[in-house]
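Listed below, chain by chain, are the residues.
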Amino acid sequence: MRRGPDVDRVLAVLRRTLMTILGLQLVIAVTMSVVDSYRRRGKKPKPFPTTAPRAVEIGESTVTTYTFGRDLYDDMLAAIAGAERQILFETYIWKGDATGERFKAALAAAADRGVEVLCIYDGFANLVVSPVFKRFPPSMKVLKFPVYAAGWRFFDLRRYGRDHRKILVVDDTVGFVGGYNIGDAYATEWRDTHVRITGPGVWDLKRAFADFWNLHRRRRIRHSERPLLLETASQWEPRIRVQRNVPRLWMFPIRAMYLEAINRASKNVWLTTAYFIPDQDFVDAMKDAARRGVDVRLLVPLKSNHIVADWISRGYFSQLLDAGVQVLRFKGAMVHAKTATVDGTWSTVGTANIDRLSLQGNYEINVEIIDAGLASRLEEIFLTDQSNCAPLTSAEWETRDLHRKFTESFLAPLRPLL
């Protein structure tokens, strides 16, 4: 049955209208980002409370928490300096500033003394980094994850994820993982969370690095194409599990990990994330937990480094507050941590934000730990962060300006892109 000319005209108008709306949304998003970047120029974040590194024994493993970049970098560089056989280093952002140069020099020095040094960094995240900085000595094996990895497979969504992970493994004995990128600002100006793991828990971090290296090494590095081989771990620590999102293999267990923990909660769910743009099922899980009496708290930046993400995130606040979820906004600095605790037993620390890109798009890695001692430690860290937060009330939120409500609703269709 043929369509009439009136139907074709209506469809054409609808297409033009939808494209116009989408274009306006993108223009507004870009304009907001540019204006916000200009306003931030020259402004320094305010000091924020932190907690000193502290180790928690978990079976034959040890997990140490870090909430201040300088403390973390000192221990990472010490581990690199003490390496004897192998260093596996992977980061999303690797700035060419003084901190970035310290890491580059330490890794090069280790390679010069005979240590096998393998590095991975994301090409897109480091587009603004000087090409001079990204010239590495031949003794280092470096894999630059490409800006565009799909090749001729334009419609293969599995090949569009960024490498958002941050991992360091040294000599099979110590591993680091968490939210910290490498750069001067992250050392003192951002509030983030990382962990250091020793013992059997290190093995899964090494396997995560090796699997990524082996999956992407072909045509990406100038060295031999031999795979990174692993020995079989002789010990397993069942209370420390590594969850990895691998878009190339269409594997996204981190979202399921979060949902299972929230759905099982009976006491508390305390969640910290840099960007909160979940799907509705995730929001519903938090709301359901709050309605059954669970103490659900969401800690996010008052103002993040991505203003569009902030505006889109705010569109969820009304339904969360109505369900009894506490929304806490970190003041004066960027909180970039990706952590959660549930019921004083379950915890996670990693690289995945609560947004579409992290949970269903990028290469991510989170450590899932079942241990009351670490949960208690992360609860202490959460309370310290909460002391620097502005709580949001339903009354305050419902009385916000009309233009704010309109902007939140107008930008909401961009959620699947973030």
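Residues numbered from 1 in each chain as written. Predicted model: local features only at pLDDT ≥ 70, side-chain atom pairs only at ≥ 80, totals over all residues. Heavy atoms only, no water.

**Structural notes on the environment of Thr 345**
Relative to the helices and strands, Thr 345 resides in the loop between strand E16 (339–342) and strand E17 (346–350). Distance from Thr 345 to Ser 376, taken between C-alpha atoms, is 8.0 Å for residues 31 residues apart in sequence. Filtering out sequence-adjacent residues up to four positions away, Thr 345 remains in contact with Ile 369, Ile 370, Asp 371, Ala 372 and Ala 375. (Helix = DSSP H or I, 4+ residues; strand = E, 2+ residues; numbered from the N terminus. Contact = heavy atoms within 4.5 Å.)

**Section: the side chain of Thr 91**
Mapped onto the secondary structure, Thr 91 falls in strand E3 (residues 86–91). Within the local environment of Thr 91, its side chain forms a polar contact with the backbone oxygen of Ile 93, the two atoms lying 3.0 Å apart. Excluding residues within four positions of it along the chain, Thr 91 makes contact with Ile 120, Tyr 121, Asp 122, Arg 165, Lys 166, Asn 181 and Ile 182. (Polar contact = N/O pair within 3.5 Å; in protein donor to acceptor, adjacent residues only side chain to side chain.)

**Looking at unusual backbone geometry**
With a phi angle near 65 degrees, Asp 172 is a residue other than glycine that sits in the positive phi range. Take Asp 172: it is sitting in the loop between strand E6 (167–170) and strand E7 (174–178). The phi torsion at Asp 343 lies on the positive side, around 60 degrees, for a residue other than glycine. Residue Asp 343 is classed as partly exposed on the basis of its relative accessible area of 21%. (Buried < 20%, exposed > 50% of the residue type's maximum accessible area, 1.4 Å probe, protein only.)

**Focus: the pattern of salt bridges**
Oppositely charged side chains can form a pair if their charged atoms are brought close together. Enumeration according to the criterion identifies 17 salt bridges in this entry. Across the pair Asp 281 and Arg 255 runs a salt bridge whose closest N-O atoms are separated by 3.7 Å. Of this pair, Asp 281 sits in helix H7 (residues 280–291) while Arg 255 sits in helix H6 (residues 253–264), placing them 26 residues apart in sequence. Of the charged contacts in the structure, one is a salt bridge between Glu 380 and Arg 377, with a shortest N-O distance of 3.4 Å. Taken together, the positions of Glu 380 and Arg 377, both in helix H11 (residues 372–386) and three residues apart, correspond to about one turn of that helix. With a relative accessible area of 31%, Glu 380 lands in the partly exposed category. (Salt bridge = Lys/Arg side-chain N within 4 Å of Asp/Glu carboxyl O.)

**Thoughts on the packing of aromatic side chains**
A complete count under the given rule lists 21 aromatic pairs for this structure. Joined through ring pairs, the aromatic side chains of Tyr 73, Phe 89, Trp 94, Phe 103, Tyr 121, Phe 133, Phe 136 and Tyr 180 make up one cluster. Between the NZ or CZ atom of Lys 104 and the centre of the ring of Phe 133, over which it lies, the distance is 4.9 Å. Between Lys 104 and the ring centre of Phe 136, over which it is positioned, the NZ or CZ distance is 5.2 Å. (Phe/Tyr/Trp six-rings, centres within 6.5 Å; stacked < 30°, edge-to-face > 60°. Lys NZ or Arg CZ within 6 Å of the ring centre and 35° of its normal.)

**A short note on the packing of H6 against H7**
As a packed pair, H6 and H7 sit with axes 9 Å apart at the nearest point and diverge in direction by 20 degrees. When the interaxial angle is binned, H6 and H7 end up roughly parallel. Helix-helix and strand crossings are classified by hand; for H6 and H7 the assignment is left-handed. For the pair formed by H6 and H7, the contact residues are Arg 255, Tyr 258, Leu 259, Ile 262 and Asn 263 on the first element and Asp 281, Phe 282, Ala 285, Met 286 and Ala 289 on the second. Residues of the contact of H6 with H7, tallied by class, amount to seven nonpolar, one polar and two charged. (Axes fitted to C-alpha atoms, helices over the stretch in contact; angles between N-to-C directions. Parallel < 35°, antiparallel > 145°, perpendicular 65-115°, else oblique. Left-handed = near helix turned anticlockwise from the far one by under 90°. Nonpolar A, V, L, I, M, F, W, Y, C, P; charged D, E, K, R; others polar.)

**Re the sheet that holds E17**
The eight strands lie next to each other as E10-E19-E17-E16-E11-E13-E14-E20, forming an open sheet whose pairing is mixed. The sheet is open, and its two borders are formed by strand E10 (240–245) and strand E20 (389–392), each paired with just one other strand. Within this sheet the neighbouring strands show an average axis-to-axis angle of 15 degrees, counted without direction. (Pairing = 2+ DSSP bridges.)

**Regarding helix H5 (residues 202–216)**
Helix length check: H5 (15 residues) gives 22 Å between terminal C-alpha atoms against 21 Å at 1.5 Å per residue, within 8%. H5 sits mainly inside the fold: eleven of its 15 residues count as buried. (Expected span 1.5 Å × (residues − 1).)

**What about the sheet that holds E3?**
Taken in spatial order, the eight strands of this open sheet run E1-E2-E9-E7-E6-E3-E4-E5, and their pairing is mixed. Lying at the two open borders of the sheet, with one neighbouring strand each, are strand E1 (54–58) and strand E5 (141–145). In this sheet, neighbouring strand axes are inclined to one another by 15 degrees on average, regardless of whether the strands run parallel or antiparallel. In terms of strand pairing, strand E2 (residues 61–66) meets strand E9 (residues 194–198) through five bridges, oriented antiparallel. For Thr 64, the partnering residue across the bridge sits in E9 and is Arg 196.

**Some remarks on a nonpolar patch on the surface**
A cluster of nonpolar side chains, namely Phe 124, Leu 127, Val 128, Val 147, Tyr 148, Trp 152, Phe 154, Phe 155, Leu 157, Tyr 160 and Trp 250, defines an oily patch on the protein surface of about 1,400 Å² accessible area. Mapped onto the elements, Phe 124 comes out in the loop between strand E4 (116–122) and E5. Judged by relative accessible area, which is 43%, Phe 124 ranks as partly exposed. (Patch = residues over 30% accessible without salt bridge, like charges linked within 9 Å, V, L, I, M, F, W, Y side chains within 5 Å. Areas by Shrake-Rupley, 256 points an atom, 1.4 Å probe, with all protein chains shown as cover.)

**Section: the side chain of Thr 62**
With respect to the helices and strands, the residue Thr 62 is situated in strand E2. Using a relative accessible area of 14% as the deciding quantity, one classes Thr 62 as buried. Side-chain polar atoms of Thr 62 contact the side chain of Glu 57, separated by 3.0 Å. The residues contacting Thr 62, other than those within four sequence positions of it, are Ala 55, Val 56, Glu 57, Arg 196, Ile 197 and Thr 198.

**Side note on the pairing of strand E13 (residues 295–301)**
Where burial is concerned, most of E13 is hidden: six out of the seven residues are buried. One ladder, built from five bridges, connects strand E11 (residues 268–272) with E13; its direction is parallel. When the sheet's bridge partners are listed, Val 269 is paired in E13 with Val 296. Where E13 lies against strand E14 (residues 326–330), five bridges are found, and the strand directions are parallel. For Val 300, the partnering residue across the bridge sits in E14 and is Arg 329.

These values are about where atoms sit, not about what they do.
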